[in-house]
Amino acid sequence: MEEETVIHALVTCSHVKQVWDRVGIGTTIPHDHTSFLEWCFGVFSGVDASKKCLVATLCWAIWSARNEFVWQKKVVNTEGIVVLAKGYLDQWTNAQNTLIESSWSGFQTGDGVEQWFAPSKNSIKINVHAALFEGGTNYGLGMVAHDHQGFLIEG
């Protein structure tokens, strides 16, 4: 059994490889010690902006399916992961093309609504999210680090 690393969970796991194959994005890695970030750079260098969005959304859907299995013992098949990712991406794309939310005057500076901003030059920003689950014996924790251009350093 392969060690549970980010690259394994999101790319090299045999179940996950089926997801990437289904959408035409390979899981070839140049060497055994390739990090998830190196894999992303390799994939991103050969695809257009819409495929980059699909890669990011698939990573989210794969992680979501993994959490469903780990925490709920629910198995999400390859097709379910792809449908979830593409559906979410379609909704997000449509939301970007609408003025409904951005023209709503209910948002005001200082109203508590947060918006992410990249850190200043020569800095990194680490965002952390935690969740406590019912019963108090289970929890989840996630972190991502971005550079001053907003690029993912590690997650």
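Each remark here, short or long, concerns the structure printed above.
Residues numbered from 1 in each chain as written. Predicted model: local features only at pLDDT ≥ 70, side-chain atom pairs only at ≥ 80, totals over all residues. Heavy atoms only, no water.

*Asks:* Quick one: what's the story with the overall build of the chain, residue by residue and with numbers?
*Replies:* Looking only at helices and strands, the chain features 5 helices and 3 strands. Here the chain, with 155 residues, has 24% of them falling under the buried criterion. When contacts within the chain are restricted to residue pairs at least 6 apart in sequence, those whose partners lie at least 24 apart make up 47%. As presented, the chain carries roughly 11300 Å² of accessible surface, and 56% of it is formed by carbon and sulfur atoms. (Helix = DSSP H or I, 4+ residues; strand = E, 2+ residues; numbered from the N terminus. Buried < 20%, exposed > 50% of the residue type's maximum accessible area, 1.4 Å probe, protein only. Contact = heavy atoms within 4.5 Å. Areas by Shrake-Rupley, 256 points an atom, 1.4 Å probe, with all protein chains shown as cover.)

*Asks:* Quick rundown of the sheet that holds strand 3 (residues 152-154)? Include the residues and the values.
*Replies:* Read from one edge to the other, the open sheet built from 3 strands follows the order 1-2-3, with strand pairing classed as antiparallel. With partners counted over all chains shown, the strands left at the sheet margins are strand 1 (125-132) and strand 3, one partner each. Neighbour-to-neighbour, the strand axes of the sheet open up by a mean angle of 30 degrees, direction not taken into account. (Pairing = 2+ DSSP bridges. Axes fitted to C-alpha atoms, helices over the stretch in contact; angles between N-to-C directions.)

*Asks:* Tell me about the nonpolar core, and name the residues and values.
*Replies:* Formed by 24 residues in total, the largest nonpolar core has its most connected members in Trp 20, Val 23, Phe 36, Trp 39, Val 55, Leu 58 and Ile 62. Sorting the residues of this core by element identifies helix 1 (6-12), helix 2 (14-22), helix 3 (36-44), helix 4 (49-72) and helix 5 (78-96) as the ones contributing at least two each. Looking at this core, the element that brings in the most residues is helix 4, giving 7 residues. (Core = buried A, V, L, I, M, F, W, Y, C linked by side-chain atoms within 4.5 Å.)

*Asks:* Any details on helix 3? Residues and values, ideally.
*Replies:* For helix 3, every residue scored as buried is listed here: Phe 36, Leu 37, Trp 39, Cys 40 and Val 43. Down the axis of helix 3, the buried side of the element spans an arc of 160 degrees, and every buried residue falls inside it. Of the surrounding elements, those touching the buried residues of helix 3 are helix 1, helix 2, helix 4 and strand 3. (Arc of directions from axis to C-beta.)

*Asks:* How would you sum up the environment of Val 16? Please name residues and give values.
*Replies:* Locating Val 16 in the fold gives a position in helix 2. As a C-alpha pair, Val 16 and Thr 78 span 62 residues in sequence and 7.6 Å in three-dimensional space. If we ignore the near neighbours within four places in the chain, the residues touching Val 16 are Ala 9, Leu 10, Val 11 and Ile 62.

*Asks:* Can you lay out a nonpolar patch on the surface for me, pointing to particular residues and giving the numbers?
*Replies:* On the surface, Ile 124, Ile 126, Val 128, Leu 132, Tyr 139, Leu 141, Met 143 and Ile 153 cluster together into a nonpolar patch covering about 890 Å² of accessible area. Elements supplying a minimum of two residues to the nonpolar patch: strand 1 and strand 2 (139-146). We classify Leu 132 as exposed; its relative accessible area is 77%. (Patch = residues over 30% accessible without salt bridge, like charges linked within 9 Å, V, L, I, M, F, W, Y side chains within 5 Å. Salt bridge = Lys/Arg side-chain N within 4 Å of Asp/Glu carboxyl O.)

*Asks:* Before we move on, can you summarise the pairing of strand 1 with the specific residues and values?
*Replies:* With 0 of 8 residues buried, strand 1 lies mostly on the surface of the structure. Inspection of the sheet shows strand 1 paired to strand 2 by 8 bridges, in the antiparallel sense. Counted as the bridge partner of His 129 is Gly 142 from strand 2.

*Asks:* Explain the pattern of salt bridges to me, using residue names and the numbers behind them.
*Replies:* Should their charged atoms come close, side chains of opposite charge can pair. Taken as a whole and judged by the stated rule, the model has 2 salt bridges. A salt bridge links Glu 4 to Arg 66, with the shortest nitrogen-to-oxygen separation between them at 2.7 Å. Of the two residues, Glu 4 sits in the segment before helix 1 while Arg 66 sits in helix 4, which places them 62 residues apart along the sequence. For Glu 79, the salt bridge identified is with Arg 22, shortest N-O distance 2.0 Å. Of this pair, Glu 79 sits in helix 5 while Arg 22 sits in helix 2, and the two are 57 residues apart along the sequence.

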